[in-house]
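What follows is the residue order along each chain.
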Amino acid sequence: MKKISLALLLCLVFGAATFANAIKHGAGKIALHVLYVGYDPAKPKPEHVNYYSTATGAIDEAWKTRMADFKAFLEQRFEKADVVDVRDYDATMSEKVDVTILDAGPVKLPAGFDRPIILMHEMAPNVGLPIGLKFDWYCQCLEDDALNIKTSHAIFNTPIKVNLTLVNRPTPGSFFNGFQGATTPKELPMWKVIKEDQAAKDKYIIGMVAHGEGFNDSPDAEAISGGVCLKNAEAVALGRQGNYFMWGFSGSPNHMTDEAKDVLVNTVCYIKKFDHQKPIMKKVQIENREWVNEMIYRTDKGLYEKALIARKEGNARLLKMQQELKDRKAKGEDIGRGNEMFLKMPVTDDTQSFDDYLKSWAGSGMYDMFGTNTSAYHKYYLANLEYFYPLDAYSLQVDEDAKKLGISNRKVELLEKCIKMLEKGEEPALAQRVLERYTTEKFASAKEWRDWLTRNKANLYYTESGGFKFMVNTYKTETAAVVPAPTGDIKTANAVIIPTRTDPVAVSATLVDEANGKKQVVVKADILQGWHIYAYVPKDSPFITTQPIIELPKGITSTEWQTSAGVPFTGGEGMFVWEDKATFKTEISAASLKPGMVIKCGLYYQVCDNNKCFPPKRKIIEIQVL
């Protein structure tokens, strides 16, 4: 019997090794059925495709080739592979396969969708945001290399053992723009995901990263790798939540390195393990406790003074760039519409006072308490570190109740204390408030609270992305999802609106009579403090330059747009932004205007702060001629 068992064991070991070797060398196929959802180039090209690049040619190339590329690759690696155009896709198709790869949209998955699915690049936030996944839209600026990689993770090791080629490369400059910069090394080991193509004329389509802050704070989610991007080192390029996998890199198999192709195969196998395992929590909170570290970093006189120097150097750069454009234009070169508008943008030497700088970062209330005493700000933030909780999804406040009790709001001892207070009748209103604030329960009696805690204490986890809550590690928990701002055309009346944390840019428009008998369309953007929109970005930058829009009645013409002065963006070489306010003006021929005619105007823009970006948005205002 022992001899038979030993022989069987040797056979199994040899068989497993042979299978892994066969997969690695393409001699065998993995027994999975994979469905790829993308664009079929045999169908008409949609008006909007879910690929983004600074080069139009790259988008066209991706639309034409990606489906065939994925089809050939998947058929080579898996026993069965199907492809379908996204316009023909229905979620029931995913019920008939093992894993779905979603590479195009729009797609609306049904509530409770629980089949294994890989969301490629932009599709991660497009699908994830509406249902509360942690795959939010941090920045569509992921490049070709992965970093901060969990090399021990299964996607790098099974069924194919991938020996990652790690090369030390300079750390992206944006990683130093924040409190993390002080501990960030000048070089990081990086792994090439998208292969270099020296013959390519255009940059390939650009990938997507999600916020890393709070990504790992629930048992259904794991950040696996970051990537080279224009945000911070915590940004997530590869990650999972429940049955969903975010593959933020943009390359189709023909653009991937051989190692990346093997990792993608492993990822398909890995996400299959989470079949029918839906996410157990929904992301409702953007800002978390790392905000305290960022505020200590920002409320600093030295940082303010560096910003003033950067502003002066940036203005000098702007004047030089404008002169170079003038010289090119003088030689007869067509410099393009965007450069023409940049050429006319004025330069401002206006600077923000240190007082206003502190108000913009810490708020007027904090400034009223501490003025320009930065050490007092820092002392306040540190003293209250364990008591901050959400004011809203984008900001925090001090919980005076938890502070009074002297117990951190991320320790389960706070719940214990409040239940004991209810049992003893000590400040029951305070105890009830705290229990409801930090859980998803609303029990009416001390006994119910005690029974709940006794039953679930061993399985409680604390999540800040889930709302600074203690939740039960169960796949039945339900919370409310963040509803994302729409990204299509937004038509607004010319009512009085103000920027908010959920919509940081308020756009308005007016029709102004001029002395020469002409009329001027004036579009204004009011921008929330701490946020900016882009006046000019370098050619290969993934950020969106703000574009004024005008649609005039037939026979009406307009002049070129004139804009207010942009300012150099600190930490973004060659970038210029608008902060606080931006104005766009164009003259129109008024002679043919008649009452009742409608002028449509507005902006296409992307708004960011130093830590996050919203998806590009188009806002249209309708002005009726009186």
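This section reports on the structure supplied with the text.

Each value, and the rule that gives it
- Residues numbered from 1 in each chain as written.
- Predicted model: local features only at pLDDT ≥ 70, side-chain atom pairs only at ≥ 80, totals over all residues.
- Heavy atoms only, no water.
- Pairing = 2+ DSSP bridges.
- Helix = DSSP H or I, 4+ residues; strand = E, 2+ residues; numbered from the N terminus.
- Salt bridge = Lys/Arg side-chain N within 4 Å of Asp/Glu carboxyl O.
- Buried < 20%, exposed > 50% of the residue type's maximum accessible area, 1.4 Å probe, protein only.
- Lys, Arg positive; Asp, Glu negative; His and termini not counted.
- Polar contact = N/O pair within 3.5 Å; in protein donor to acceptor, adjacent residues only side chain to side chain.
- Contact = heavy atoms within 4.5 Å.

### A look at the sheet that holds strand 18 (residues 505-513)
Stage number 1. Strand order in the open sheet made by the four strands is 18-19-25-22, with antiparallel pairing throughout. Two strands close off the open sheet at either side, each with one partner strand: strand 18 and strand 22 (562-563).
Stage number 2. One ladder, built from eight bridges, connects strand 19 (residues 519-527) with strand 25 (residues 581-588); its direction is antiparallel. Bridging across to strand 25, Ala 525 finds its partner in Ala 582.

### Overview of the pattern of salt bridges
Stage number 1. The full count for this structure, using the stated rule, is 40 salt bridges.
Stage number 2. For the salt bridge of Glu 222 with Arg 240, the shortest nitrogen-to-oxygen distance reads 2.7 Å. Placement of the pair is Glu 222 in strand 10 (residues 221-227) and Arg 240 in strand 11 (residues 238-241), with a sequence separation of 18 residues. In terms of burial, Glu 222 and Arg 240 fall into one category: buried.
Stage number 3. Residue Arg 289 pairs with Glu 464 through a salt bridge whose shortest N-O separation is 2.8 Å.

### Concerning the pairing of strand 8 (residues 187-192)
Stage number 1. Judged from the three bridges that link them, strand 6 (residues 145-147) and strand 8 form a sheet pairing that is antiparallel. What sits directly across from Leu 147, in strand 8, is Met 190.
Stage number 2. The pairing of strand 7 (residues 166-170) with strand 8 spans five bridges and is antiparallel. Pairing of Val 167 across the sheet is with Met 190, part of strand 8.

### Here's the deal with the side chain of Glu 122
Stage number 1. With respect to the helices and strands, Glu 122 occurs in the loop between strand 4 (117-120) and helix 3 (123-128).
Stage number 2. Of the side chains with opposite charge, Arg 66 lies nearest to the buried Glu 122, which makes no salt bridge, at 11 Å.
Stage number 3. Among the polar contacts listed, one links the side chain of Glu 122 to the side chain of Asn 126, at a separation of 3.0 Å.
Stage number 4. Within the local environment of Glu 122, its side chain forms a polar contact with the side chain of Gln 140, the two groups lying 3.0 Å apart.
Stage number 5. Sequence-distant contacts of Glu 122, defined by excluding residues within four places in its chain, comprise His 48, Asn 50, Trp 137, Gln 140 and Met 208.

### As for unusual backbone geometry
Outside of glycine, negative phi angles account for most residues, and trans bonds account for most peptide bonds.
Stage number 1. With an omega of 5°, the peptide bond running from Gly 105 to Pro 106 counts as cis.
Stage number 2. The phi torsion at Phe 468 lies on the positive side, around 60°, for a residue other than glycine.
Stage number 3. Within the element layout of this structure, Phe 468 appears in the loop between strand 15 (460-463) and strand 16 (469-472).
Stage number 4. The buried category is assigned to Phe 468, whose relative accessible area is 0%.
Stage number 5. The residue Asp 580 is not glycine, and still its phi comes out positive at about 70°.
Stage number 6. If you trace the backbone, Asp 580 turns up in the loop between strand 24 (576-579) and strand 25.
Stage number 7. The exposure class assigned to Asp 580 is partly exposed, which follows from its relative accessible area of 49%.

### Describing the environment of Glu 423
Stage number 1. Mapped onto the elements, Glu 423 comes out in helix 12 (residues 413-424).
Stage number 2. Here the alpha-carbon distance between Glu 423 and Lys 447, two residues 24 residues apart in the chain, equals 7.8 Å.
Stage number 3. Look past the residues within four positions of Glu 423 in its chain and what remains in contact with it is Ala 446 and Arg 450.
Stage number 4. Looking at Glu 423, its side chain comes within polar contact range of the side chain of Arg 450, at 3.0 Å.

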